[in-house]
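What the coordinates show
Spelled out from the first residue to the last, the chains are:
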Amino acid sequence: MIGMSLLSVRLSHRTIRLLLPALCGGLLLTSGSGCNSQSQPAQTAADSKTSPAAANGSDPVPAATSGSAAGSDSQWRFIERTADSGVSFTYRNGEEAGNFSILESLGGGVAVLDFDADGHDDLCAAGGGRFDGKSILPLPTGLYRGRSNWKFQDVGQLANVTDNAFYSHGIARSDYNLDGFSDFLVTGYGGLQLYLNCGDGTFQLQSDTCGLDDRQWSSSAAWGDLNADGCPDLYAAHYVNWSWDNDPFCKGGPDNGREICPPRSYTGLTDALYFSNGDGTFRNATSENPLTPEGKGLGVLIGDFDLDSDNDIYVTNDTVSNFLYENDGSGKLTDISLASGSSLSSLGVPDGSMGIDVCDFNADGQPDIWVVNYERETNAMYQNSGRMVFRHVSQRIGLNAVGGAWVGWGTCCQDFDLDGDEDIFVSNGHVIRYPTNAPLNQLPLLLENQQGRRLINVATSAGTGSWMDAPHMGRGAASADLDRDGDMDLVVSCTNQPLGIVENATPRKGTAVLKVRLIGHKSAREPVGASLQLQSTPPQSRYVKGGGSYGGSQTEYVQLTIADPSNIPALQIRWPSGITHTVSSLPAEAINGLLQIHEPPSADQPPRLVVLH
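Small disclaimer: the values here were computed from a predicted structure and weren't measured. (Residues numbered from 1 in each chain as written. Predicted model: local features only at pLDDT ≥ 70, side-chain atom pairs only at ≥ 80, totals over all residues. Heavy atoms only, no water.)

Topic: the side chain of Asp214
To be explicit about the condition: Only runs of H or I of at least four residues qualify as helices and only runs of E of at least two qualify as strands under DSSP, and these elements are numbered from the N terminus. Only protein chains enter the calculation, and the probe is 1.4 Å; a residue is then buried if its accessible area is under 20% of its type maximum, exposed if over 50%, and partly exposed in between. This count recognises Lys and Arg as positive and Asp and Glu as negative, with His and chain-terminal groups excluded. Criterion for a salt bridge: a side-chain nitrogen of Lys or Arg within 4 Å of a carboxyl oxygen of Asp or Glu.
Turning to its location among the elements, Asp214 is positioned in the loop between α3 (207-210) and β12 (218-224). We note that Asp214 is buried and unpaired, the nearest opposite charge coming from Arg215 at a distance of 6.7 Å.

Okay, here's the thing in structure tokens:
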């Protein structure tokens, strides 16, 4: 909402109709919410992200108990594979220096990519940083090449990706130069670092020569073609204006000692937008397309939220309203956050939002927005009603019963139990040193989707000694079929704790799996914004998206469940170019393999299908 006068805001009848209740609610809540960092600077970290419950003086919501798995229809089981995987990597925040800076609170993300194009999922993780006096020093990025049987090879030094320039947070994967090899961007305090995949197992740092001139504090980033030229563009989310010159003392530790300051102690930074020039370089388009200022961004996702064949942008912000930018098809973005109904909590106030994903949780064919939030706030499911109108439905689908003793970060929407609907994983962990309302290390959430009617937390039923019943300082998370058995596994980044590799060993409900990777031609090669719908009962919708989770990127393929391999339903595909077609006869050999579908030159021509095993 801040700075809306700088943007093109459409005052259609629909917009006015939606604005009235939101504005009325805002007037009722203004006197007590204290949501704007400028209106009431925080003095202690205890009220670092004051939720509506805290503002009203209510007690913190207790954590969910093991009984939360009651009513589950699946026999959940997850097994940690880290110890024998060859992955030995830890994101570090430098807290041992005793600075208590807000820089230490964010943590790092993780991305899944196939950088060597061998069919195995590889892993890339941000490394963080450390302090030497007032010097902020980077730590290496981790890159692990996937092998068979849960084995990975550390190739960070061989691939030339370990010499970072900045304290890092996020990894954003894309084939930005359209050569068929996955590149990646590293976000962090002081700038962006873009690594070009040379195609021979090595990478080359490009940031100083390609036009990415951003030097602010970036948390997450997302790639997607915004101006319909077939080339991926870049959105970088910025956090706050912390520096050594703006590093207040906040109380909250033992004996009234120091604690990490809350985000309300700082002013948010305006995000950055870059358009591709089509030759591997970029131009800063932030001034061409004024963005809403002071967002305190932590997560960003690019996708086609209104299914009109162009990419829109959703940004999760910390203690201020989230952003939803609608694209007119040419790359002109309009902030419709307030009018859309997707920027605030169910009470009409901002949340402390971190992680973001998109899914069709209720199988109505519309992409819904999923946002994870701070403690004593409810994680938000914004149900898509079409035409960029969303409803906050968390209470209706049972999310209030999950409890509010979580600080959510990375999140993944996937069909983990292969029953046709997408479940949700959330990585949790606190941001301050001495929390009073919730533990420092926290259990994750695993929310089982019960046919679009309810989401229930089944994490504690995933097996004694599993990743799901152990607390962590969780941050970024990504999902992929790491062992190529059809179901989606997990990779979780933690602060000052080892990167976790977690196998999904849940017994299957579906008898077969179809994994699909789309290859664009008129659209970008990785066609962010494309949607797929399997004509099953109920239909299964999946979306190709840029960014998401917290500081990470998901796989290049989507997963669909096939109930009867002898009767594979038709698959409808909507490409960002506007081409829509239906594949009525999917090859049987694609089951339990990887089906690549190449975009045809025109809608009257069939796509090319390639099966990989």
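Some remarks on the sheet that holds strand β26 (residues 408-414)
In plain terms, the rule: The pairing criterion for strands is at least two bridges between them, as found by DSSP. Lines fitted to the C-alpha atoms define the axes, with helices restricted to the stretch that makes contact. Angles between their N-to-C directions range from 0 to 180 degrees.
In space, the four strands of this open sheet follow the order β26-β27-β28-β29, with antiparallel pairing throughout. In the strand order of this sheet, the two ends are held by β26 and β29 (454-457), each with one partner. Shown here is a sheet whose adjacent strand axes are inclined to one another by a mean of 20 degrees, direction ignored. When strand β28 (residues 445-450) meets β29, the two strands line up antiparallel, connected through four bridges. Note that in β29 the partner of Glu448 across the bridge is Ile456.

Quick look at the environment of Gln442
Our working definition: Two N or O atoms form a polar contact when they lie within 3.5 Å of each other; inside protein one atom must be a possible hydrogen donor and the other a possible acceptor, and for residues adjacent in sequence the pair counts only when both atoms belong to side chains.
Within the fold, Gln442 resides in the loop between β27 (423-428) and β28. As a C-alpha pair, Gln442 and Gly474 span 32 residues in sequence and 7.3 Å in three-dimensional space. Among the polar contacts made by the side chain of Gln442, one reaches the main-chain amide nitrogen of Val407 at a distance of 2.8 Å.

Some remarks on the pairing of strand β31 (residues 489-494)
Judged by how many residues are buried, β31 sits mostly within the fold: six of six residues are covered. Across the two faces of β31 the burial is the same, with Asp489, Val491 and Ser493 and Leu490, Val492 and Cys494 all buried. Here strand β30 (residues 474-480) pairs with β31 via five bridges, running antiparallel. Among the inter-strand pairings, Ala477 is bridged to a residue of β31, identified as Val492. As paired elements, β31 and strand β32 (residues 497-504) share four bridges and run antiparallel to each other. What sits directly across from Leu490, in β32, is Val502. Between the antiparallel neighbours β31 and β32 lie two residues, among them Asn496 with a positive phi of about 60 degrees.

Focus on the side chain of Asp481
Let me state the cut-off plainly: Any two residues having at least one pair of non-hydrogen atoms within 4.5 Å are treated as being in contact.
For Asp481, the position within the fold is in the loop between β30 and β31. What makes Asp481 buried here is its relative accessible area of 1%. A polar contact is formed between the side chain of Asp481 and the backbone nitrogen of Arg484, at a distance of 3.0 Å. Here the side chain of Asp481 touches Asp485 through a polar contact of 3.1 Å, landing on its backbone nitrogen. Ignoring anything within four residues of it in the chain, the contact list for Asp481 reads Asp121, Gly486, Asp487, Met488, Asp489, Lys515 and Tyr557.

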